[in-house]
Amino acid sequence: MDVVEKTVRDIKSIKVQGAYHIAIAAVKAYMKAKDKKKAVKKLVASRPTEPMLRNSLMYVEKMGGGKELLMKLEEDLKKIIEYGSEKIKDGMIVYTHCHSSIVNDILIHAKKSGKKFEVHVTETRPFFQGRLTAKQLSAARIPVTLFVDSAARLALKKADLMMIGADAITAEGYVINKIGSELVADVANNYQIPVFVCTHSWKFDPKTIFGFDEEIERREAKEIWKNPPRGVKISNYVFEKVNPEKLTAIISELGIFKPATFIVEVRKSYGWMN
Ligand code: RUB
């Protein structure tokens, strides 16, 4: 099978998941594709709600240098990990939701630097990406407790810090992440637990500058319930918007900023997006 087709299939089936890895996989497929224009079209359509995928492909199309881009993204990731792990202190309980490779990298780095902390994670129906988080963290010998989604309040009650990833960030500073993210941010706010979004800044969607709405991904009902009784409607929104007021800061390769300042910094640093 052609590399673009394979990548599209893996992204659609969530075999490749998480915004950062989706973008990396797309750039790698683009580099090998014969028909670049066709490849971009197919890759962008594989998950239309991922701005980092679009931004990365826009970058290689405009500037070339796929290999250099992959190197830059790796360097950026190191910075995010450095900034993020500074927030983790001995004895803390860090809460997370779903599976963000960036949050996991931060936690694993903090552990390797000798910090002693625990993680609480909610399982994240319907695909249970929280289990993937738990599996990776426990393999790194981080004590981790998995909670069902409806136990989010319990998971957060004793936490000191909440860290989640992002799929998209709008010009108004709204962060789009896995369904449940705003719900858990509300709980964290109630307990006065700081809420950090850990992300590469290319999750920013430049089209939102012009007032376009960020699309929220909806997936098939059968992912939730294969054979529901006739007449039962099923809502399967997989992401939701988190209001910037509920966030303490966005941690990215650009530094640690409040959402409004983050937007200014991204636009200043990456003029080609505007
Ligand atoms: C994953 C998810 C992650 C973000 C960020 O959802 O919501 O928090 O994509 O991930 P899905 P990363 O499993 O549906 O892709 O930090 O890896 O970019």
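Residues numbered from 1 in each chain as written. Predicted model: local features only at pLDDT ≥ 70, side-chain atom pairs only at ≥ 80, totals over all residues. Heavy atoms only, no water.

Engineer: So what about the overall build of the protein chain? Which residues, and what values?
Structural biologist: Tallying secondary structure elements over the protein chain gives 10 helices and 10 strands in all. Against the 2.2 N^0.38 benchmark of 19 Å for 274 residues, the protein chain shows a C-alpha radius of gyration of 18 Å, consistent with a compact globule. The dimensions of the protein chain, computed from C-alpha atoms along their principal axes, are 50 × 50 × 40 Å. The long-range fraction of contacts in the protein chain, counting pairs at least 24 apart against all pairs at least 6 apart in sequence, stands at 74%. Counting every atom, the protein chain has about 13,300 Å² of accessible surface; 54% of that belongs to carbon and sulfur. (Helix = DSSP H or I, 4+ residues; strand = E, 2+ residues; numbered from the N terminus. Rg over C-alpha atoms; globule rule 2.2 N^0.38 Å. Contact = heavy atoms within 4.5 Å. Areas by Shrake-Rupley, 256 points an atom, 1.4 Å probe, with all protein chains shown as cover.)

Engineer: Please provide a residue-by-residue account of the side chain of serine 252, values included.
Structural biologist: Relative to the helices and strands, serine 252 is located in strand S9 (residues 249–252). Not counting chain neighbours up to four residues away, the residues in contact with serine 252 comprise Ile80, Tyr83, Thr199, Ser201 and Phe262.

Engineer: How would you sum up the sheet that holds strand S1 (residues 93–97)? Please name residues and give values.
Structural biologist: Read across the open sheet, the seven strands follow the order S3-S2-S1-S4-S7-S9-S10; overall the sheet is mixed. Every other strand in the sheet has two partners, leaving strand S3 (144–147) and strand S10 (255–257) as the edge strands with one partner each. Each adjacent strand pair in this sheet contributes to an overall mean axis angle of 25°, direction not counted. Across three bridges, the pairing between strand S7 (residues 195–198) and S9 is parallel. (Pairing = 2+ DSSP bridges. Axes fitted to C-alpha atoms, helices over the stretch in contact; angles between N-to-C directions.)

Engineer: Can you break down the pairing of S9 residue by residue, with the values?
Structural biologist: Look at any regular strand and the pattern is simple: side chains alternate between the two faces of the sheet. Of the two faces of S9, the one holding Ala249 and Ile251 and the one holding Ile250 and Ser252 are both buried throughout. Examined bridge by bridge, S9 and S10 share three bridges and lie antiparallel to one another. Pairing of serine 252 across the sheet is with glycine 255, part of S10. (Buried < 20%, exposed > 50% of the residue type's maximum accessible area, 1.4 Å probe, protein only.)

Engineer: Can you break down the sheet that holds strand S8 (residues 239–242) residue by residue, with the values?
Structural biologist: The sheet built from three strands is open, its strands ordered S5-S6-S8 with antiparallel pairing. Bordering the open sheet on either side are strand S5 (168–169) and S8, each of which pairs with just one other strand. Sheet analysis places S5 next to strand S6 (residues 175–178), joined by two bridges and oriented antiparallel. Across the sheet, isoleucine 169 pairs through a bridge with valine 175, a residue of S6.

Engineer: Requested: an account of the side chain of asparagine 55, with residues and values cited.
Structural biologist: In this fold, asparagine 55 is placed in helix H4 (residues 51–63). Discounting chain neighbours no more than four positions away, the residues touching asparagine 55 are Trp202, Phe204, Pro206, Trp272 and Met273.

Engineer: Go over helix H9 (residues 181–190), please, and point to the residues and values.
Structural biologist: Looking at H9, one finds that the buried residues are Ser181, Val184, Ala185, Val187 and Ala188. Down the axis, H9 shows its buried residues gathered within 160° of arc, on one side only. Among the exposed residues of H9, those pointing more than 90 degrees away from its buried face are Leu183 and Asn190. Those residues of H9 that are buried are in contact with S1, helix H8 (152–157), strand S4 (161–164), S6, S7 and S8. Looking at the residues trailing H9, positive phi occurs at glutamine 192, about 55°. (Arc of directions from axis to C-beta.)

Engineer: So what's going on with the pattern of salt bridges? Residues and values would help.
Structural biologist: Taken as a whole and judged by the stated rule, the model has 14 salt bridges. Residues aspartate 10 and lysine 6 are paired through a salt bridge, measuring 2.8 Å at the closest nitrogen-oxygen approach. Here the residue aspartate 10 and the residue lysine 6 both occupy positions in helix H1 (residues 3–12), the gap between them amounting to four residues, near one helical turn. Given a relative accessible area of 35%, lysine 6 falls into the partly exposed group. A salt bridge links aspartate 205 to arginine 54, with the nearest nitrogen and oxygen atoms 2.7 Å apart. Residue aspartate 205 is located in the loop between S7 and S8, and its partner arginine 54 is located in helix H4; the two are separated by 151 residues in the primary sequence. Take aspartate 205 and arginine 54: they sit in the same class, and that class is buried. (Salt bridge = Lys/Arg side-chain N within 4 Å of Asp/Glu carboxyl O.)

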